[in-house]
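Descriptive analysis of the structure
Residues per chain, in single letters:
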Amino acid sequence: MLWASVACTGMILPLLWLLERVSGSCPDGLCMFFPALLVSGACLLSALAFAVAGLMRGERPRWIALLSIPLLATMIWFYSF
């Protein structure tokens with residue numbers, strides 16, 4: 001479950017890229033804002049749920065859940081360009 005939480009965090013950027021590729025042109029540039037917000041929120045919520053479930057089950061090593069933090073920071077830095 002802890003590795004699934006890291007995978008859910010890592011799927012945000014590919015899903016946003018896919019959402020951008022399949023969407024059409026938009027006159028004001030905000031057409032994909034709410035779907036992107038929904039995708040990001042769903043991935044982060046599922047990552048949190050998997051992390052809590054994995055920690056409650058007592059999976060080892062527990063530091064795996066912390067891998068989501070630098071991964072998320074790297075994706076935010078990468079997506080800002």
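Just above, that's the structure.
The structure contained in this document is the topic of the report that follows. This is a predicted model, so every value here is computed, not measured.

Before going further, it helps to spend a moment on the side chain of Ser-68. Within the element layout of this structure, Ser-68 appears in helix α4 (residues 68–79). Engagement of the side chain of Ser-68 in a polar contact is seen with the side chain of Thr-9, the distance being 3.4 Å. Beyond its immediate sequence surroundings of up to four residues, Ser-68 is in contact with Ser-5, Val-6 and Thr-9.

Looking now at the packing of aromatic side chains. Here a ring pair, both rings aromatic, is described through the centre-centre distance and the interplanar angle of the planes. Taken as a whole, this structure holds 1 aromatic pair when the rule is applied. Ring centres 5.0 Å apart and planes at 70° place the aromatic pair Phe-33 and Phe-34 in the edge-to-face group.

Going from Arg-60 to Pro-61, the amide bond is cis rather than trans, its omega being -15°. Residue placement: Pro-61 occurs in the loop between α3 (33–57) and α4.

The next thing to look at is the packing of helix α2 (residues 12–22) against α4. Relative to each other, α2 and α4 sit at 30°, their axes nearing to 10 Å. Comparing their axes, α4 and α2 come out roughly parallel. The residues of α4 that touch α2, namely those facing Ile-12, Leu-13, Leu-16 and Glu-20, are Leu-72, Met-75, Phe-78 and Tyr-79. Here the residues of the contact of α2 with α4 are counted per class, giving 7 nonpolar, no polar and 1 charged.

Attention now moves to the nonpolar core. Counting 7 residues, the largest nonpolar core consists of Ile-12, Leu-13, Leu-16, Leu-19, Ala-36, Cys-43 and Met-75. Secondary-structure elements contributing two or more residues to this core are α2 and α3. In terms of residues, this core owes the most to one element, α2, which gives 4 residues. Residues contacting Leu-13, with those up to four places away along its chain left out, are Met-75, Phe-78 and Tyr-79.

Definitions and cut-offs
- Residues numbered from 1 in each chain as written.
- Predicted model: local features only at pLDDT ≥ 70, side-chain atom pairs only at ≥ 80, totals over all residues.
- Heavy atoms only, no water.
- Helix = DSSP H or I, 4+ residues; strand = E, 2+ residues; numbered from the N terminus.
- Polar contact = N/O pair within 3.5 Å; in protein donor to acceptor, adjacent residues only side chain to side chain.
- Contact = heavy atoms within 4.5 Å.
- Phe/Tyr/Trp six-rings, centres within 6.5 Å; stacked < 30°, edge-to-face > 60°.
- Axes fitted to C-alpha atoms, helices over the stretch in contact; angles between N-to-C directions.
- Parallel < 35°, antiparallel > 145°, perpendicular 65-115°, else oblique.
- Nonpolar A, V, L, I, M, F, W, Y, C, P; charged D, E, K, R; others polar.
- Core = buried A, V, L, I, M, F, W, Y, C linked by side-chain atoms within 4.5 Å.
- Buried < 20%, exposed > 50% of the residue type's maximum accessible area, 1.4 Å probe, protein only.

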